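Examination of the molecular architecture
Listed below, chain by chain, are the residues.
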Amino acid sequence: MSFKLRMEAAAENARSNLVLALDLPPNTPEKLFATSKNLLETVQPHICAVKFNRHLILPLGLFDGVQQLLKQAQNHGLPTIMDCKINDIGNTNRIIAEHYFQAGFDAVIANPFVGWEEGLHPVFETADQMNRGVILLVYMSHKGAWEGYGQNVVTKKTGKSLRQYEVFAEKALAWGADGAVVGATYPEKIRELHSILTEKVPIYSPGIGAQGGNIEAAVRSGSTYFIVGRAITQAENPSQAAENFKRAANMARRNRPCEV
Ligand code: XMP
């Protein structure tokens with residue numbers, strides 16, 4: 001089963017489209033591991049997947065602490081995503097992807113700025129060989145995202161002027177990406193990009209809560225998966241916070257107009 005279908009099945013099973021960004025503030029490796037393990041255990045009934053970042057990979061190590069957390073997530077039927085934003089030459093990209101997949105990650109996030117040939121082609125090839133997923137950045141959630149993803153570019157093929165993010169959405173379709181990241185902080189961009197990507201490439205939206213994005217607006221605009229980090233991991237009651245996000249998203253999905 002493809003990563004895209006595994007995500008659909010996990011969301012259906014959990015009755016949740018919430019992806020936990022398991023990000024914690026710096027601490028000793030022992031404390032980080034123990035807190036992550038507990039957090040995952042209490043929050044898991046409300047989520048459909050777990051996204052990791054350097055917050056844990058750097059202090060815990062990929063084949064040490066992180067691999068144990070990956071096994072824990074997998075035991076709960078939760079796919080795992082490495083938010084490594086792969087962004088180098090093809091040979092290096094392939095090695096990065098292989099390491100994350102060998103450790104047990106189900107998908108990696110990659111940056112389409114590096115292009116296909118000797119860029120992301122080896123990542124998609126490796127993912128195909130190992131039956132894993134690739135999610136592409138299309139419009140990031142932070143304030144400066146417009147400086148890169150929002151630029152006007154003239155495409156080589158048609159000579160037409162387009163926004164960089166529109167070109168990236170077309171690449172996500174052409175390359176067969178399993179998902180596209182569009183920040184929840186830009187619901188108008190989600191709407192625009194959803195009309196290009198349709199349901200063929202589901203939208204993953206980070207930026208909810210701590211960065212000011214709103215989960216209901218992301219649902220209404222066409223996102224499929226909702227990535228939440230600090231608003232859960234730093235909450236007084238992470239399980240309750242996750243449940244609240246899950247319910248809000250489910251309610252908004254039920255009321256979503258059918259044209260989205
Ligand atoms: P917070 O605490 O802001 O955490 O809910 C969000 C998590 O997602 C990452 N992030 C992104 N990852 N594209 C990505 O691939 C983005 O546009 C983006 N915005 C935030 C962030 O690093 C953290 O892990």
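Residues numbered from 1 in each chain as written. Predicted model: local features only at pLDDT ≥ 70, side-chain atom pairs only at ≥ 80, totals over all residues. Heavy atoms only, no water.

1. Things to note about the overall build of the chain
Each helix and strand in the chain was counted, giving eleven helices and ten strands. In summary, the chain has a C-alpha radius of gyration of 17 Å against a globular reference of 18 Å for 260 residues, a match within 12%. Within the chain, the fraction of its 260 residues that count as buried is 55%. In the chain, once contacts between residues fewer than 6 apart in sequence are set aside, the share between residues at least 24 apart is 71%. The average position of the 27 basic charges and that of the 25 acidic charges among the side chains of the chain differ by 4 Å. (Helix = DSSP H or I, 4+ residues; strand = E, 2+ residues; numbered from the N terminus. Rg over C-alpha atoms; globule rule 2.2 N^0.38 Å. Buried < 20%, exposed > 50% of the residue type's maximum accessible area, 1.4 Å probe, protein only. Contact = heavy atoms within 4.5 Å. Lys, Arg positive; Asp, Glu negative; His and termini not counted. Charge placed at Lys NZ, Arg CZ, Asp CG, Glu CD.)

2. A closer look at the site of the ligand
Near the ligand lie 17 residues; those nearest to it are Asp23, Asp83, Ser141, Gly229 and Arg230. Lysine 51 places a polar side-chain atom, nitrogen or oxygen, 2.9 Å from an oxygen atom of the ligand. In the model, a nitrogen atom of the ligand is placed 3.3 Å from a nitrogen or oxygen of the lysine 85 side chain. Against a free-state accessible area of 510 Å², the protein chains account for coverage of 91% of the ligand. Its residues assigned to classes, the shell around the ligand shows eight nonpolar, four polar and five charged. (Near = heavy atom within 4 Å. Polar contact = N/O pair within 3.5 Å; in protein donor to acceptor, adjacent residues only side chain to side chain. Areas by Shrake-Rupley, 256 points an atom, 1.4 Å probe, with all protein chains shown as cover. Nonpolar A, V, L, I, M, F, W, Y, C, P; charged D, E, K, R; others polar.)

3. Digging into the sheet that holds strand β9 (residues 203-205)
Taken in spatial order, the eight strands line up as β1-β2-β3-β4-β5-β8-β9-β10 and close into a barrel, and their pairing is parallel. Across the sheet, the axes of successive neighbouring strands diverge by a mean angle of 30 degrees, strand direction being ignored. Alignment of strand β2 (residues 49-52) against strand β3 (residues 80-86), held across three bridges, turns out to be parallel. In the strand pairing of β3, phenylalanine 52 is matched with methionine 82. The strands touched by helix α3 (residues 54-75) within the sheet are β2 and β3, with β3 carrying the most contacts at an inclination of about 150 degrees. Against the sheet, helix α8 (residues 187-197) contacts β5 (133-139), β8 (179-182) and β9, and its axis sits at roughly 160 degrees relative to β9. (Pairing = 2+ DSSP bridges. Axes fitted to C-alpha atoms, helices over the stretch in contact; angles between N-to-C directions.)

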